[in-house]
Protein chains: 2
Amino acid sequence: MKKLRRRIFATAGSNTVSLGTGRKEFHPKKPRPGLEHYVKEAGQGALAQVNDADNIDEGVIGNFMAARFNKQGNLPGLLPMIDPKLEYKPLVRVEGACGSGGLALVTATKSILAETADTVLAVGVEVQNTVKAVYGADILGGAGHYASQRKKGDAYFFPGKFSDRACAAYEKFGYDKVREAMARWYERAILNARTCPKAQEYHNTTDDLFAVGMTPPNPKAFCECINYFDCSKVSDGASALVFASEEGLDKLGVDKKDAVELVGFGQCVADVSKDPEDQTKLTTSARAVKAAMDMAGVTSDDIGMLEVHDCFTIGGLLSMEAAGFCDYGETYDFVREGKTAPDGEIPTNLSGGLIGYGHYTGGTGVRQAADIVLQLTGKPESQKIDLKKDHALMISMGGNDRTVVSCVFRRVQ
Amino acid sequence: MKKLRRRIFATAGSNTVSLGTGRKEFHPKKPRPGLEHYVKEAGQGALAQVNDADNIDEGVIGNFMAARFNKQGNLPGLLPMIDPKLEYKPLVRVEGACGSGGLALVTATKSILAETADTVLAVGVEVQNTVKAVYGADILGGAGHYASQRKKGDAYFFPGKFSDRACAAYEKFGYDKVREAMARWYERAILNARTCPKAQEYHNTTDDLFAVGMTPPNPKAFCECINYFDCSKVSDGASALVFASEEGLDKLGVDKKDAVELVGFGQCVADVSKDPEDQTKLTTSARAVKAAMDMAGVTSDDIGMLEVHDCFTIGGLLSMEAAGFCDYGETYDFVREGKTAPDGEIPTNLSGGLIGYGHYTGGTGVRQAADIVLQLTGKPESQKIDLKKDHALMISMGGNDRTVVSCVFRRVQ
């Protein structure tokens, strides 16, 4: 596996609140900020941590479905709204469904490796609460293969894909064990979100989260094998981050202690029209993780913090195997035993993940990286943990394990 | 201006027919191929010119509005449909409205410069005839700033932007001169398209094209200062091209004589919510051209063939100034005098441009580059010209001069 030809740093992580049901300030019938607001808030939050927007060489924006949620395309043209100094610079928008944010990270990285840039602003955004839930579900169905996979009247097409995975896991490993692991995943997501004031579930005050998570699926109301609480949130929000070479950090006036190093990445894409080889595995994610770890020269033993793409609880569970923290079939006990808790074997999704923090789809990959940068530089917006190892791993996934980016970051000593 | 840190080549250009009104085989009520068909046809056409799809390291797909025209996102996942050997490779989708294709070219280039790839397949696609024209016009309005610029009931929002430019040109340089230049641009586009069997206007048999082009605008039926014939076509189609380093060409078994060299590029993006500084200029395009020429170390004197983004006749006219072939205000006479004809001073849009060949929006930038590669390697799909100079220039533009990529290619001796 090829190594990175230049050192790459990430700094200036910035997240907006994840707005949607669950947040006290959210009201479905009241006016809300638009796409532009979130891009500006996240982007300005990042640029406030560097000395001058003029020192940003390029920009990339990750987004999934602004075309339908907001009727807006030509998204590179949103970035100069952050700061007029970005105007006329090389800007690009990338998309890979809910993995769009991850693609923004690797696209920024490649510009620095290409030496067309020493500094790149990466932004990820999605504003989804513009339509009713049933229309939103149809829009998000574009993460699968709409022409061949979506059946007429199949309102919950995409949750159905992960319901199928849960069904397969129930059958193979037993309903009780899998269901309990899903409930524990949900419980942990909300507990972690309660430590993060920007998280969508920050205001959640439910006493017995595990009992809620154990709600049996009701196929008549939703999907066959998952329930509403197994899904990530419908969210409005954005995140931003600055990538830089060593020269770039100097130019931005950023000390290395306020940055983390990106030491490996993997980017793997599967055919969107195909179903998974095995419903109980995230095989594309596993490939991306392997590529990232090989490039970084690390194994899961070196990883002290994890950010995985729990678009559904079953997805979170399967990610632990894809990330190499347990063997096939072992994730259910791994999670039930609390090994993903902040004080567990591998602290995971510390601000709540997609289920707890929220899931502004095309922006989530950037949010994951921003959280890693903030935690590894000692400035987390959620609970602060005592990091026992110097590396952090993230998985950003689009569609049903189709478009995946994995990155390994290292704390700078 | 920084030079390219590696030599970059483009080869294996491949275009599909541009399908839509004007083509004999097009019938609005008959079933037509979908997005996937075009991606496959163009991509397979490119891969047939290299020795093995397994030697393609990465892929990029440019597309504007599949989210609305086709309800499809997660577009990187379409590329493995071209060849299963592309599956699990690093693939990405880029977007910048009608400049999406141009962004695909520079994104591919950056991967090679980054040394994450020696070979990249670039595809551009749009399938627009899925909806009625009035809905299509609304969809394409996403190239402007939908939230602030589009007025209720403004069915032709985006043509209106270029109508405003035509109005400004009429006022500044005189209706007769400008109108006649627009009509000559139209006439030349169709004449060129008639030399290219894949062009949407290939079957056009109108005798007096100039008279058609002189049709006076009718604000009650369409826009104030342009008429229907001043607009590019609504098209379905795709194009593909392979980018490679020198090592990449060897790996693909492609001789340098079948490739052209990319020697410069410019990528400039303006704020999508802002109107142009001057309606009679394409200032962002001019910046991108200057960056591309500076990187290549050439001037317009070195350019023997031009591909410009004539989404509207007035846009084509203004491009000649942005590309440096005439001074401000001189394009109207320049075009009236036939200087853009195949035997003129600067042969332009030889297969018909967006008005003659057709405009599958997100794919057009790749089509332009593929046409340059085919012409410069002596295998054009349209008329073959006697190239007097070794360089070719292209401008790919998204929105109203908002997201622009310009590239300079050089014939390999």
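These numbers come from a predicted model, not from an experiment.

A. Region of interest: the overall build of chain A. Assigned secondary structure in chain A consists of 14 helices and nine strands. Computed over its C-alpha atoms, the radius of gyration of chain A comes to 19 Å, within 12% of the 22 Å expected for a compact globule of 413 residues. For the C-alpha atoms alone, the extent of chain A along its principal axes is close to 55 × 45 × 40 Å. Looking at the 413 residues of chain A, the share that counts as buried comes to 68%.

B. Expanded view of helix α4 (residues 133-140) of chain B. Inspection of α4(B) places Gly136(B), Ala137(B), Asp138(B) and Ile139(B) among the buried residues, and these make up the whole buried set. Buried residues along α4(B) sit in contact with α2 (66-69) and α5 (146-149) of chain B.

C. Structural view of the state of the cysteines. Residues and elements named next belong to chain A. Taken as a whole and judged by the stated rule, the model has two disulfides over all chains. In this model, Cys 167 is linked to Cys 225 through a disulfide, with the two sulfur atoms separated by 2.1 Å. In this structure the cystine formed by Cys 167 and Cys 225 twists about its S-S bond by roughly 100 degrees; its chirality is therefore right-handed. Here the residue Cys 167 occupies a position in helix α6 (residues 157-173), and Cys 225 occupies one in the loop between α8 (209-213) and β5 (236-244), the gap between them amounting to 58 residues.

D. A look at unusual backbone geometry. Residue and element names in this part refer to chain A. Positive phi is not limited to glycine here, since Asn 74 has a value of about 50 degrees. Following the sequence through the fold, Asn 74 ends up in the loop between α2 (66-69) and β3 (91-95). The phi angle at Asp 401 is positive, at roughly 60 degrees, despite the residue not being glycine. Relative to the assigned elements, Asp 401 resides in the loop between β8 (391-398) and β9 (403-411). For Asp 401, a relative accessible area of 0% corresponds to the buried category.

E. Broad picture of the pattern of salt bridges. Enumeration over the complete set of coordinates arrives at 68 salt bridges over all chains. A salt bridge links Glu58(B) to Lys110(A); the shortest N-O distance between them is 3.0 Å. Of this pair, Glu58(B) sits in strand β2 (residues 58-62) while Lys110(A) sits in helix α3 (residues 100-113), on two different chains. Of the two residues, Glu58(B) and Lys110(A), both sit in the buried class. One salt bridge connects Asp258(B) with Lys257(B), and the closest N-O pair in it is separated by 3.2 Å. Among the residues examined, Asp258(B) registers a relative accessible area of 24% and is labelled partly exposed. Residues joined in a network through salt bridges with shared partners are Arg7(A), Glu246(A), Lys256(A), Glu261(A) and Arg410(A).

F. How the structure looks around the domain arrangement of chain A. Residues and elements named next belong to chain A. Domain parsing of chain A yields domain 1 (8-132 + 234-259) and domain 2 (146-233 + 263-411). The centre of domain 1, based on its C-alpha atoms, is set 22 Å off from the matching centre of domain 2. On the side of domain 2, 39 residues touch domain 1, which itself brings 50 residues to the contact. Both faces combined, the contact of domain 1 with domain 2 buries some 3100 Å², and carbon together with sulfur accounts for 59% of it. The three residues of domain 1 that bury the most area against domain 2 are Asn 15, Arg 23 and Cys 98, which together make up 20% of that side's buried surface.

G. Quick look at the pairing of strand β6 (residues 259-269) of chain B. Residues and elements named next belong to chain B. Within β6, eleven of the eleven residues are buried, which leaves it mostly tucked inside the rest of the structure. Two elements, strand β1 (residues 8-15) and β6, share four bridges in a ladder whose sense is antiparallel. Each bridged residue has a counterpart across the sheet, and for Phe 9 the counterpart in β6 is Glu 261.

H. Just the relation of the copies chain B and chain A, in detail. Overlay of chain B on chain A (RMSD 0.0 Å): rotation 180 degrees, translation along the axis 0.0 Å. Read as a symmetry element, the transformation amounts to a two-fold axis. When C-alpha distances to the rotation axis are compared across chain B, the minimum falls at Ala114(B), with a value of 1.8 Å.

I. Representation of the interface of chain B and chain A. With 63 residues of chain B at the interface, the matching set in chain A holds 63 residues. Taking both sides of the interface into account, the surface hidden between chain B and chain A amounts to around 4800 Å²; carbon and sulfur atoms contribute 51%. Across the chain B-chain A interface, the total number found is ten salt bridges. Counting the contacts that link chain B with chain A gives 38 residue pairs in polar contact (both at pLDDT 80 or more). Among the elements of the structure, α2, β3 (91-95), α3 (100-113), α5, β6 and α10 (283-296) of chain B are those that each provide at least two residues to the side of chain B that touches chain A. Taken together, the residues of the side of chain B that touches chain A break down into 26 nonpolar, 19 polar and 18 charged. Alignment of β3(A) against β3(B), held across three bridges, turns out to be antiparallel. Note that in β3(B) the partner of Val94(A) across the bridge is Val94(B).

J. Focus on the confidence of the model for chain A. Summing up the model confidence of chain A, the mean pLDDT is 96 and the portion of residues at 70 or higher is 100%. Both scores are given for the predicted complex: the pTM is 0.98, the ipTM 0.98.

K. Broad picture of the nonpolar core. Counting 122 residues, the largest nonpolar core has Ile314(A) and Ile314(B) as the members making the most contacts within it. Dropping the residues within four chain positions of it, Ile314(B) is found in contact with Phe162(B), Arg165(B), Ala166(B), Ala169(B), Val178(B), Met182(B) and Tyr332(B). In this structure, Leu262(A), Phe265(A), Ile8(B) and Met394(B) belong to the second largest nonpolar core, which totals 76 residues.

L. Representation of the environment of Val254(A) within the structure. With respect to the helices and strands, Val254(A) occurs in the loop between α9 (246-252) and β6 (259-269). Once you skip the residues sitting within four places of it in the chain, Val254(A) turns out to touch Thr11(A), Gln49(A), Val50(A) and Leu249(A).

Thresholds applied
- Position numbers for residues count from 1 along each chain, tracking the sequence in the order it is written.
- Chains and ligands are labelled by the order in which they are written, letters from A for the one and numbers from 1 for the other.
- Only residues with pLDDT of at least 70 get local features here, since the model is predicted, and only at 80 or more are side-chain atom pairs given and counted; chain-wide, interface and lining totals rely on the full set of residues.
- Working from all heavy atoms in the structure, the side-chain values ignore hydrogens and water.
- For the purposes of this entry, the term helix denotes a DSSP run of H or I that reaches at least four residues, the term strand denotes a run of E that reaches at least two, and both are numbered from the N terminus.
- Both definitions apply: the radius of gyration is a C-alpha atom measure, and the globule rule equals 2.2 Å times residues to the power 0.38.
- Burial here depends on accessible area, computed with a 1.4 Å probe over protein chains only, as a share of the maximum for the residue type. Under 20% is buried, over 50% is exposed, and the range in between is partly exposed.
- Whether two residues touch is decided by their heavy atoms; if any such pair falls within 4.5 Å, the residues are in contact.
- Here, the term disulfide refers to a pair of cysteine sulfur atoms separated by no more than 2.5 Å.
- Salt bridge, as used here: a side-chain nitrogen of Lys or Arg that lies within 4 Å of a carboxyl oxygen of Asp or Glu.
- Where each domain begins and ends follows an automated or database-derived domain assignment.
- Summed over both partners, the accessible area (1.4 Å probe) lost when two parts come together is defined as the buried area.
- Being paired, for any two strands, means DSSP has found at least two bridges between them.
- The least-squares superposition of copies is restricted to C-alpha atoms, and to residues with a pLDDT of at least 70 in both copies.
- Identification of polar contacts relies on pairs of N or O atoms within 3.5 Å, with a donor-acceptor requirement for protein atoms, meaning one able to donate a hydrogen and the other able to accept it, and with residues adjacent in sequence counted only if both atoms are side-chain atoms.
- In this classification, Asp, Glu, Lys and Arg are treated as charged, Ala, Val, Leu, Ile, Met, Phe, Trp, Tyr, Cys and Pro as nonpolar, and every other residue, Gly included, as polar.
- A residue's pLDDT is the predictor's confidence in that residue, given on a scale from 0 to 100.
- Residues grouped as a nonpolar core are buried Ala, Val, Leu, Ile, Met, Phe, Trp, Tyr and Cys residues, joined through side-chain atoms within 4.5 Å.

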